[in-house]
Amino acid sequence: MTTILAIESSCDDTSAAILRDDRVLSNVIASQKVHEQYGGVVPELASRAHQQNIIPVVDGAIRQSGITKEDIDAVAFTRGPGLLGSLMVGVNFAKSFALALGKPIIEVNHLQAHVLSHFIRRPENQDSADAGIPKFPFICLLVSGGHTQILLLKDHFDIECLGTTIDDAAGEAIDKAAKIMDLGYPGGPVIDRLAKDGNPEAFQFATPHIPGYNYSFSGIKTSFLYFLRDRLKENPQFIEQHKADLCASIQRTIVAFLLKKVERAAIDHHVNQLAIAGGVSANSLLRSELQRICARHHWKAFIPPFQFCTDNAAMVGIAAYFKYLRGDFANMDLAPYTR
Ligand code: KG4
Ligand code: ZN
């Protein structure tokens, strides 16, 4: 049995988790409220907040798990990509803690962690042979604030990127649409909530024709901005009066664009299992639409529980567990990477 302490600090959430093999014993997340007033993450404030949070968060994760420090077999951390100052806090804390414990360290790529979160064994199905865990090969749509990729997983660490965004990430586009409507940051969850009362067909926003499995989101954002600018000239109350319809329409546009390419990729690659991961995979329309598409094709859909969608250390822990099994440990002199 392997016990791993995992740390995630790549952006604006400080998180620590304890895993025993592929089961999560604790997963503590401290979100940083300081960025809300700026409408986006301020890197310098993020790294300072990580410094304040890291010890209480790690302490909380160890306490909640019921283990002691001595039970830890390895310390894992997100090495990148992310904000340099934020990553440095987690990387340096993990190294020092591991050094003090005399245990090895494991570096984890943040994007791989999001995808591998599908391998976390959950209490409700831990004894069943079909544990709700995908089998290789499968396709995963990784959608976060910083990335949008269609990935073909042949093994835990044999991952082929079939397509990616050539400009903004999907989460970034959603957050920018929310910002234009003055809905606060991060806007994704707000748009999701308001869209529930709106008509998704109320407004049409064009999606670009990008070849293959690649995406582009900057055009959608611009067409949304210009559309509102024109309507506001005629009616300054336009956003206020049509908020729910605007949210539902932009959400439908983005989700349909995302899933059209994923469906195509699955057909072309003869894959019958589709997964989603990353912060935007918390979106209710993306979740229900994925299920609808999979049901239509008799494919299997893998949708992460909410606590493993947005940034968390449990996903870092599961990725580290598979590296531990391979003896894939890191050197103490490694540095974080931002891209
Ligand atoms: O994975 P994540 O926590 O951080 C990054 O690695 O970027 O993703 C954050 C992104 C933000 O853009 C946020 O607005 C979006 O996930 N998000 C959502 C929802 N919850 C979070 N987008 C749409 N609907 C949601 N319910
Ligand atoms: Zn993330």
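Preceding this section is the structure that the text describes.
Residues numbered from 1 in each chain as written. Chains lettered and ligands numbered in written order. Predicted model: local features only at pLDDT ≥ 70, side-chain atom pairs only at ≥ 80, totals over all residues. Heavy atoms only, no water.

> Explain the pairing of strand S6 (residues 138-143) here, please?
Residues in a regular strand point their side chains to alternate faces of the sheet. In terms of residue burial, S6 counts as a mostly covered element, since six of its six residues are buried. Of the two faces of S6, both are covered, the one formed by Phe138, Cys140 and Leu142 as well as the one formed by Ile139, Leu141 and Val143. Judged from the six bridges that link them, S6 and strand S7 (residues 148-153) form a sheet pairing that is antiparallel. Across the sheet, the residue bridging to Ile139 is Leu152, located in S7. Between the end of S6 and the start of S7, which pair antiparallel, lie four residues. With four bridges joining them, S6 and strand S9 (residues 273-277) adopt parallel strand pairing. (Buried < 20%, exposed > 50% of the residue type's maximum accessible area, 1.4 Å probe, protein only. Helix = DSSP H or I, 4+ residues; strand = E, 2+ residues; numbered from the N terminus. Pairing = 2+ DSSP bridges.)

> Which parts of the structure should I look at to understand the sheet that holds strand S5 (residues 105-109)?
Two modes of strand pairing occur in sheets, parallel and antiparallel, and in both the strands are linked by backbone hydrogen bonds. If you trace the five strands from one edge of the open sheet to the other, you get S3-S2-S1-S4-S5, paired in mixed fashion. The strands lining the two open edges of the sheet, one partner per strand, are strand S3 (23-31) and S5. Across the sheet, the mean angle separating the axes of adjacent strands is 20 degrees when strand polarity is ignored. Where strand S4 (residues 74-80) meets S5, five bridges bridge the pair, whose relative direction is parallel. Of the residues in S5, the one forming a bridge with Val75 is Ile105. Running over the sheet, helix H1 (residues 43-65) touches strand S1 (3-8), strand S2 (13-20) and S3 and is turned about 25 degrees from S2. (Axes fitted to C-alpha atoms, helices over the stretch in contact; angles between N-to-C directions. Contact = heavy atoms within 4.5 Å.)

> Where do I start with the nonpolar core in this structure?
As a rule of thumb, soluble globular proteins bury nonpolar side chains together. Counting residues in each nonpolar core, the largest one holds 49 residues, and the members touching the most others are Ile139, Leu141 and Leu246. For this core, the element with the highest residue contribution is helix H7 (residues 238-268), accounting for 14 residues. In this view, Leu141 contacts Gln149, Ile150, Tyr215, Leu258, Leu259, Val262, Ala275, Ile276, Ala277 and Leu286; residues no more than four positions away in its chain are not counted. By size, the runner-up hydrophobic cluster in this structure holds 33 residues, among which are Leu116, Phe138, Leu142 and Ile318. (Core = buried A, V, L, I, M, F, W, Y, C linked by side-chain atoms within 4.5 Å.)

> How should I be thinking about the side chain of Asn27 in this particular structure?
Residue placement: Asn27 occurs in strand S3. Among the polar contacts listed, one links the side chain of Asn27 to the backbone nitrogen of Ala313, at a separation of 3.4 Å. Engagement of the side chain of Asn27 in a polar contact is seen with the backbone nitrogen of Ala314, the distance being 3.2 Å. Excluding residues that lie within four positions of it along the chain, Asn27 makes contacts with Ser15, Ala16, Ala17, Gln307, Phe308, Asn312, Ala313 and Ala314. (Polar contact = N/O pair within 3.5 Å; in protein donor to acceptor, adjacent residues only side chain to side chain.)

> Mind showing me how you'd approach the sheet that holds S9 here?
Taken in spatial order, the five strands of this open sheet run S8-S7-S6-S9-S10, and their pairing is mixed. Among the strands making up the open sheet, the edge pair consists of strand S8 (159-164) and strand S10 (300-302). Ignoring which end each strand starts from, the neighbouring axes of this sheet average 20 degrees apart. Pairing between S7 and S8: five bridges, direction antiparallel. Bridge pairing links Gln149 to Thr164 in S8. Relative to S6, H7 is tilted by about 160 degrees, and along the sheet it contacts S6, S7, S8 and S9.

> I tried to follow the environment of Asp71 on my own but got confused; where do I start?
Summarising the element assignment, Asp71 is placed in the loop between H1 and S4. Note: C-alpha distance between Asp71 and Gly188 (117 residues apart in sequence) is 38 Å. In contact with Asp71, not counting residues within four places along its chain, are Thr3 and Arg20.

> Any chance you could explain the site of ligand 1 here in plain terms?
In the vicinity of ligand 1, 18 residues are found, and the nearest of them are Gly145, Asp175, Asp192, Gly279 and Asp311. In this structure, an oxygen atom belonging to ligand 1 sits 3.1 Å away from a side-chain N or O atom of His114. A distance of 3.3 Å is found between an oxygen atom of ligand 1 and a backbone nitrogen or oxygen belonging to Gly146. For ligand 1, whose free accessible area comes to 550 Å², the fraction covered by protein is 89%. At the level of secondary structure, the elements contributing two or more residues to the shell around ligand 1 comprise helix H3 (110-116), helix H4 (170-180) and helix H5 (188-195). When residues of the shell around ligand 1 are assigned to their parent elements, the largest contribution, three residues, is made by H5. Grouping the amino acids of the shell around ligand 1 by side-chain chemistry returns four nonpolar, 11 polar and three charged. (Near = heavy atom within 4 Å. Areas by Shrake-Rupley, 256 points an atom, 1.4 Å probe, with all protein chains shown as cover. Nonpolar A, V, L, I, M, F, W, Y, C, P; charged D, E, K, R; others polar.)

> Help me understand the side chain of Lys261, please; the structure alone is not making it clear to me.
You can see Lys261 is positioned in helix H7. Of the side chains with opposite charge, Asp268 lies nearest to the buried Lys261, which makes no salt bridge, at 10 Å. (Lys, Arg positive; Asp, Glu negative; His and termini not counted. Salt bridge = Lys/Arg side-chain N within 4 Å of Asp/Glu carboxyl O.)

> Teacher, can you tell me more about helix H9 (residues 313-325) here?
An α-helical turn contains 3.6 residues, so a residue and the one three or four places further along point in the same direction. With 13 residues, H9 ought to run about 18 Å at 1.5 Å a step, and its terminal C-alpha atoms sit 18 Å apart, in line with that. H9 sits mainly inside the fold: 11 of its 13 residues count as buried. Along H9, the residues that are buried comprise Ala313, Ala314, Met315, Val316, Gly317, Ile318, Ala319, Ala320, Tyr321, Phe322 and Lys323. Against S1, S2, S3, S4, S5 and H3 lie the buried residues of H9. The backbone nitrogen of Ala314 has a side-chain oxygen 3.1 Å away, supplied by the residue at the start of H9, namely Asn312. Two residues or fewer past H9, Gly327 is found with a positive phi of approximately 70 degrees. (Expected span 1.5 Å × (residues − 1).)

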